Amino acid sequence: MEELKKINRILEREYPDAFRETLVVLDATTGQNALNQARQFSEAAQITGIVLTKMDGTAKGGIAVAIQSELGIPVKYIGVGETIEDLQKFDADEFVDALFHTNE
């Protein structure tokens, strides 16, 4: 984490006006651990978004709600497979629909 802080200090000093997108990649199946990781990374760097992987299995990704509500960090992408083509922009409306979908 100290190295990450150092990188951010250098970027701020050398390129203060540069647009920076800082994403942290988390495994959606780890639940509370993912929230703890997001918290730790956000203390070391200004995290602008989350990428949640392993959203293709049984994990519903409820951690997306916890991260957004507790830390205010938006989920920007989700991984629903094993290739780069399986990385998708996160759509909150679709996520909520899928989360509460019932087979009636």
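Structural data are supplied above this passage.
Residues numbered from 1 in each chain as written. Predicted model: local features only at pLDDT ≥ 70, side-chain atom pairs only at ≥ 80, totals over all residues. Heavy atoms only, no water.

A.B. asks: Help me understand the side chain of D27 in this model?
C.D. replies: Following the sequence through the fold, D27 ends up in strand β1 (residues 23-27). In terms of polar contacts, D27 uses its side chain to reach the side chain of T29, at 2.5 Å. Within the structure, the side chain of D27 is placed 3.0 Å from the side chain of K54, a separation counted as a polar contact. If sequence neighbours within four positions are ignored, D27 has contacts with A34, T53 and K54. (Helix = DSSP H or I, 4+ residues; strand = E, 2+ residues; numbered from the N terminus. Polar contact = N/O pair within 3.5 Å; in protein donor to acceptor, adjacent residues only side chain to side chain. Contact = heavy atoms within 4.5 Å.)

A.B. asks: Would you take a moment to explain the pattern of salt bridges for this structure?
C.D. replies: Side chains that carry opposite charge are capable of pairing whenever their charged atoms lie near each other. Throughout the structure, instances matching the rule amount to six salt bridges. Of the charged contacts in the structure, one is a salt bridge between K5 and E2, with a shortest N-O distance of 3.3 Å. With K5 and E2 both in helix α1 (residues 2-14), this residue pair falls three residues apart, about one helical turn. What makes E2 exposed here is its relative accessible area of 55%. The closest approach of N and O atoms between E14 and R13, which form a salt bridge, is 3.1 Å. (Salt bridge = Lys/Arg side-chain N within 4 Å of Asp/Glu carboxyl O. Buried < 20%, exposed > 50% of the residue type's maximum accessible area, 1.4 Å probe, protein only.)

A.B. asks: Looking at this model, I keep getting lost on the sheet that holds strand β4 (residues 87-89). Mind explaining?
C.D. replies: Paired through their backbone hydrogen bonds, the strands of a sheet run either parallel or antiparallel. Spatial ordering of the open sheet is given by β1-β2-β3-β4, a layout of four strands whose pairing is mixed. The open sheet is flanked by β1 and β4, the only strands paired with a single partner. Ignoring which end each strand starts from, the neighbouring axes of this sheet average 25 degrees apart. For strand β2 (residues 49-53) and strand β3 (residues 75-79), the ladder comprises three bridges, and the chain directions are parallel. Bridging from a neighbouring strand, I50 pairs with V75 of β3. Together, β1 and β2 form the strand contacts of helix α2 (residues 32-44), whose direction differs from that of β1 by roughly 160 degrees. (Pairing = 2+ DSSP bridges. Axes fitted to C-alpha atoms, helices over the stretch in contact; angles between N-to-C directions.)

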